[in-house]
Amino acid sequence: MGMQATGLIGMAIAALAAPQALAADTSSQAALDRFADTLGYRLEVVDNRPACPAGIEGCFLSTITLTLPETLPADLPTKGFALTFSFVNPLPRVESDIFTHRHVNGDVQQLTLKPGVTLRPGSTHEIRLWGVGSNFSKAFAMPNAYLVADGLKPRTIAATRAVIDPETGLETLPFVAPMTDEAKLATKSDADKTRWLTAERAFDVQAGRLAPEAKGVVILPKPAKAVQGRGRAIDLGRGIALTLNGVERSAVAPALAALGAPEGGALPLTIRIDPAAAKKAEGYIIDVKASGIAITAHDAAGASHALRSLAQQAAFDKGKLAPLHVEDAPEYGFRGLHIDLGRNFHGRDQILKLVEAMAAYKLNKLHLHLADDEGWRIEIPALPELAAVGSKRCHDPAEQTCLLPQLGAGPDGAGGVNGYLSVADYVAIVQAAAARQIEVIPSIDMPGHSRAAIKAMEVRHARLTAAGKKAEAETYRLIDPADTTEYRSIQHYSDNTLNVCLPAAYRFVDTVVDALAAMHRQAGVPLKTFHLGADETAGAWVKSPACMAMIAENGGDAGKLTPRFIERVSKSLAAKGLEAAGWSDGMGHTEATAMPKKVQTNIWGVLHAGAIREAHDQMNRGWDAVLSIPDLGYFDMPYAPHPDESGYNWASRGVDPYQVFGFMPGNLPANAATIRNIQAEGKAIEDKPVLQPGRRVAGLQGQLWSETIRTDAQVDYMLFPRLLALAERAWAPAPWTPIYQAGASYEWGDKRVDAAELKAGWQDFAGRTAAQFPMLEKMGVAYRVAPPGARIANGKLEANSMFPGTAIEYRVEGGAWTRYAGPVAVSGAVELRSRSADGKRTSRTVRVEAAR
């Protein structure tokens, strides 16, 4: 029989079989869907300090319990059947009666059925997960575990989907078991003195810091000088007559809008630029009198800040202003906010909201982290695969259409964690920021943290190679296919580092930077600074043929390739008229003589583990050192050590507003007097190397990394009100700070730090912060509502709050919620919660019982 006849017969058989195959596939898909919808799934952190299996050090134990439905679909597929889930810690050992475990990459894990296993209706299966490290809170759990089978669409296990709590407005994961056993779950060892911040402990902490409600001047950050006089208040609601001298209206338009006073009225409002009067950059002077308002500013930024101060005061005083004199200027010129869009995406509208909030509190640098291993978030027209492939995570093991579903993204490529900023989006953000005197600093992390770019460029390479365009395909290929190096990054990737020995890598950097610069030009705002990341490089390339010559040139040390990359890119940026910026660990390994003179470095060492060494060394190089220290400004860390508080905690078990407010940027070693180490121990910090005379930090930056932050509401929760404390510390001096003395170290509670001054400063700040809550709500910011502190003493419930004026509610044994007005007799356990200023949201609920 000839080949043509064979082909025709084959097609005929396929045509006859197709309806049956389609019916079988449809039936199998429906069965998989039903199974995913009815499968019980529960994740529990069992013990953070168990006896570890042989060969595993520093382990912790979690379990996944699967409960099969009482009725299994008759045609449930088993070929290729697997369960995929995210687990962010290494998993060297997984024990299961029905599954075999495989680590896919990053945090993606897969469980496949063991040969011969039969799933039985109603059965329960416990999977024991022996992880390395710890899970101190429920925030480490990732949603959207899913099922796959050969030839079928993957389906998310319904029980693992996140839900929004209607009371708090925050995402919750109902499949995660409560964490209640403090002895097993709060620490890794007896050396760790951390204790959960229960309601009773919070009551004691807050009792020593209680603040009165604000009166008088409520401007935040605190002005250098502000005097509220007596006399008739002016009513902004009657309208203003605006006069501008030396400043364009566009430079103050958003701040004028925030003031909310209609124009066309009779009240004079004069804004004048006079650097001789307001001597410091961004400084301003305000005089409010019955005859009108006069603003004298050093520059347009100062004029805008003055209007923002007036807006706060007027909002507090219901649209009226008493006589007021303010003289003000910032302590530091760099006052920044970093937003990670790479791990989980947050879009244009959320960023624009944050830009307005930044301007309200005089922050002036927006650091947008636009790419990381888990996502590429900016359109680059010349390289469309970056956005088309790199911005989406889904179930595509070959990663031809999307990236692996890291961080619980799920199989569908849907949901808010996916996405990117179009050119138009980015231009709009740059323009909105510039109108508010905020510089946008784009960041593309490299050479590590580059997996999204690498995978996207591999798709490009395959497309062009298939089209016969081999030379063009190689133009932006970021890996050496002959590289046999094996490594794991800090986030457990085996393939996330671009190859710094390839000309294509530098061509890629140039193309991306040039595209961003073009967007800035389109916005009418020149690009000034590019942040290249430069941190956490995993140590690749040692077996890359492309790198042999470069390694030899560096004495056979492959570890020197990253510094050479940073130096080369930094020089290239300088040639383009741009300042290079990067994270301190990577920047610090460069040769100072090989770097441009003007360099920005973000100091992100932990206070008790390297921050002072990095900060002083890099300040002594003459670089612009921006404090991004986790103990001060990593707002993805939890507010408090508690299993129900969101955030990773590798650097700190709790970064609360008090700690941020009390930070002393001008004397880093002195912070040992007020901030304990990761194990809650008070320890001195060596001042080494000492800071050379005349050196000081350029400023402060708050960071929001987004691994655990999947919703915009969670962004707001994690940032506010901590960001207000950072804004205060970046703008205004901390008068409790002792003068820096080279070589001096400080013990916990050191008397050289003025504790009384710090307490008084906090109480003043807490009152002014509470006064800001209605303004934040007006901007659409869902700030954190802190749960109350509470105790039952002598049969009476007592409660207090972090911020004055916060409404507290309680209920006894599941009864009705009642407004707390003061100590009240109770019997049995009591639940409490706080409520937002507008009454629309609550804190998480806490519980207290009478001491036994």
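Scoring rules and cut-offs
Residues numbered from 1 in each chain as written. Predicted model: local features only at pLDDT ≥ 70, side-chain atom pairs only at ≥ 80, totals over all residues. Heavy atoms only, no water. Helix = DSSP H or I, 4+ residues; strand = E, 2+ residues; numbered from the N terminus. Rg over C-alpha atoms; globule rule 2.2 N^0.38 Å. Buried < 20%, exposed > 50% of the residue type's maximum accessible area, 1.4 Å probe, protein only. Areas by Shrake-Rupley, 256 points an atom, 1.4 Å probe, with all protein chains shown as cover. Lys, Arg positive; Asp, Glu negative; His and termini not counted. Charge placed at Lys NZ, Arg CZ, Asp CG, Glu CD. Pairing = 2+ DSSP bridges. Salt bridge = Lys/Arg side-chain N within 4 Å of Asp/Glu carboxyl O. Axes fitted to C-alpha atoms, helices over the stretch in contact; angles between N-to-C directions. Parallel < 35°, antiparallel > 145°, perpendicular 65-115°, else oblique. Left-handed = near helix turned anticlockwise from the far one by under 90°. Contact = heavy atoms within 4.5 Å. Nonpolar A, V, L, I, M, F, W, Y, C, P; charged D, E, K, R; others polar. Phe/Tyr/Trp six-rings, centres within 6.5 Å; stacked < 30°, edge-to-face > 60°. Expected span 1.5 Å × (residues − 1). Disulfide = S-S within 2.5 Å.

Trainee: Pulling in residues and values, what's your account of the overall build of the protein?
Mentor: In terms of helices and strands, the protein carries 20 helices and 35 strands. Against the globule reference of 29 Å for 852 residues, the protein gives a C-alpha radius of gyration of 29 Å, in line with a compact fold. C-alpha atoms of the protein, sized along the principal axes, occupy 105 × 70 × 60 Å. Burial statistics for the protein: of 852 residues in total, 57% are counted as buried. Accessible surface, the protein: about 33300 Å² in total, of which carbon and sulfur atoms supply 53%. The averaged location of the 92 negative side-chain charges in the protein is 4 Å from the averaged location of its 90 positive side-chain charges.

Trainee: Describe the pairing of strand 16 (residues 284-289), listing the residues and the values that go with them.
Mentor: Here 6 bridges tie strand 16 to strand 17 (residues 292-297), and the two strands are oriented antiparallel to one another. Bridge pairing links Ile286 to Ile295 in strand 17. In this antiparallel pair of consecutive strands, strand 16 and strand 17, the connection spans 2 residues.

Trainee: How would you explain the pattern of salt bridges if you had to name every residue and give the values?
Mentor: Evaluation of the coordinates by the stated rule reveals 48 salt bridges. The residue Glu182 makes a salt bridge to Arg201 at a minimum N-O spacing of 2.8 Å. Of this pair, Glu182 sits in helix 2 (residues 182-185) while Arg201 sits in helix 3 (residues 199-207), and the two are 19 residues apart along the sequence. We classify Glu182 as partly exposed; its relative accessible area is 23%. For Arg201, a relative accessible area of 21% puts it in the partly exposed group. Asp624 serves as the salt-bridge partner of Lys598, at 2.9 Å between the closest nitrogen and oxygen. One end of the pair, Lys598, is in the loop between helix 14 (584-587) and strand 26 (599-603); the other, Asp624, is in strand 27 (residues 624-627), and 26 residues separate them in sequence. Connected via shared salt-bridge partners are Asp340, Arg343, Asp372, Glu374 and Glu707.

Trainee: Tell me about the packing of helix 19 (residues 722-731) against helix 20 (residues 755-778), and name the residues and values.
Mentor: Packing of helix 19 against helix 20 brings their axes to within 11 Å, and their N-to-C directions diverge by 125 degrees. As the angle between them shows, helix 19 and helix 20 are arranged oblique. The interaxial crossing formed by helix 19 with helix 20 has right-handed handedness. Contacts between helix 19 and helix 20 involve Leu724, Ala725 and Glu728 from the former and Phe765, Arg768, Thr769, Gln772 and Leu776 from the latter. When grouped by side-chain class, the residues that make up the contact of helix 19 with helix 20 number 4 nonpolar, 2 polar and 2 charged.

Trainee: Can you lay out the sheet that holds strand 2 (residues 59-67) for me, pointing to particular residues and giving the numbers?
Mentor: Here 4 strands make up an open sheet; going across it, the order is 1-2-7-4 and the pairing antiparallel. Two strands close off the open sheet at either side, each with one partner strand: strand 1 (40-47) and strand 4 (93-95). Across the sheet, the mean angle separating the axes of adjacent strands is 20 degrees when strand polarity is ignored. Note that strand 2 and strand 7 (residues 124-132) share 9 bridges and pair antiparallel. The partner of Cys59 across the bridge, within strand 7, is Val132.

Trainee: Break down the environment of Ala651 for me, with residues and values.
Mentor: Along the polypeptide, Ala651 turns up in the loop between helix 16 (630-633) and helix 17 (657-662). Taking C-alpha positions, Ala651 is 6.6 Å from Ile678, a pair spaced 27 residues apart along the chain. Once residues within four sequence positions are removed from consideration, Ala651 is found in contact with Val606, Pro630, Asp631, Met637 and Ile678.

Trainee: Could you give an account of the packing of aromatic side chains, with specific residues and numbers?
Mentor: By the definition in use, this model includes 20 aromatic pairs. Seen from their ring centres, Phe773 and Tyr783 are 4.3 Å apart, and the 10 degrees between their planes marks the pair as stacked. In this pair, Phe773 is assigned in helix 20 and Tyr783 in the loop between helix 20 and strand 29 (789-793), connecting sequence segments 10 residues apart. By the ring-pair criterion, three or more aromatic residues cluster together here, those being Tyr658, Phe661, Trp736, Trp762, Phe765, Phe773, Tyr783 and Phe803.

Trainee: Would you mind going over the sheet that holds strand 35 (residues 846-848) in detail, with residue names and values included?
Mentor: Sheets are built from strands paired through backbone hydrogen bonds, the pairs being either parallel or antiparallel. Spatially, the 4 strands line up as an open sheet ordered 32-31-34-35, and their pairing is antiparallel. The sheet terminates laterally at strand 32 (818-819) and strand 35, the two strands that pair on one side only. Across 6 bridges, the pairing between strand 31 (residues 807-812) and strand 34 (residues 830-835) is antiparallel. In the sheet register, Ala807 faces strand 34, and the bridge partner there is Arg835.

Trainee: Just give me the short version of the environment of Ala766, but keep the residues and values in it.
Mentor: Note on placement: Ala766 falls in helix 20. Judged by its relative accessible area of 0%, Ala766 is buried. Beyond its immediate chain neighbours, meaning those up to four positions away, Ala766 contacts Ala211, Met802, Phe803 and Pro804.

Trainee: So what's going on with helix 6 (residues 348-360)? Residues and values would help.
Mentor: Its 13 residues give helix 6 an end-to-end C-alpha distance of 19 Å, which sits within 8% of 18 Å, the value for a rise of 1.5 Å per residue. Taken together, the buried positions of helix 6 are Gln350, Ile351, Lys353, Leu354, Val355, Glu356, Ala357, Met358, Ala359 and Ala360. On its buried side, helix 6 packs onto helix 4 (249-259), helix 5 (300-316), strand 20 (334-340), strand 21 (365-372), helix 8 (423-434) and helix 18 (712-719). Remark: Lys362 follows helix 6 within two positions and exhibits a positive phi of approximately 65 degrees.

Trainee: Before we move on, could you go through helix 18 and cite the residues and values that matter?
Mentor: With 6 of 8 residues buried, helix 18 is to be regarded as a mostly interior element. Where helix 18 is buried, its residues meet strand 20, helix 6, strand 28 (699-704) and helix 19.

Trainee: Account for the state of the cysteines, naming residues and giving values.
Mentor: For the structure on display, the rule yields 3 disulfides. Between the sulfur atoms of Cys52 and its disulfide mate Cys59 the distance is 2.1 Å. Given an S-S torsion of about -100 degrees, the disulfide between Cys52 and Cys59 has left-handed geometry. A relative accessible area of 30% means that Cys52 is categorised as partly exposed. The disulfide partner of Cys394 is Cys402, and the gap between their sulfur atoms is 1.8 Å. Since a negative S-S torsion denotes a left-handed disulfide, the Cys394-Cys402 link at about -80 degrees is left-handed. Across this residue pair, the class does not change: Cys394 and Cys402 are buried. Here the bonded cysteines of the protein are numbered in sequence order, and their pairing is 1-2, 3-4, 5-6.

Trainee: An account of the pairing of strand 3 (residues 82-86) is requested, with residue identities and associated values reported.
Mentor: Taking burial as the measure, the 5 residues of strand 3 include 5 buried ones, the bulk of the element. Taking every second residue as pointing to the same face, both faces of strand 3 are buried, with Ala82, Thr84 and Ser86 on one and Leu83 and Phe85 on the other. Where strand 3 and strand 6 (residues 108-113) come together, 5 bridges link them in antiparallel fashion. Bridge pairing links Thr84 to Gln110 in strand 6.

Trainee: Describe the environment of Gly839, listing the residues and the values that go with them.
Mentor: For Gly839, the position within the fold is in the loop between strand 34 and strand 35. Here the alpha-carbon distance between Gly839 and Ala807, two residues 32 residues apart in the chain, equals 8.5 Å.

Trainee: Quick one: what's the story with the packing of helix 8 against helix 11 (residues 503-523), residue by residue and with numbers?
Mentor: Interhelical geometry of helix 8 versus helix 11 gives an angle of 60 degrees and a closest axis separation of 9 Å. Relative to helix 11, helix 8 is oriented oblique. For the pair helix 8 and helix 11, the sense of crossing is right-handed. Between helix 8 and helix 11, the contacting residues are Val423, Tyr426, Val427, Val430 and Gln431 on the first element and Leu516, Met519, His520, Gln522 and Ala523 on the second. By residue class, the composition of the contact of helix 8 with helix 11 is 7 nonpolar, 3 polar and no charged.

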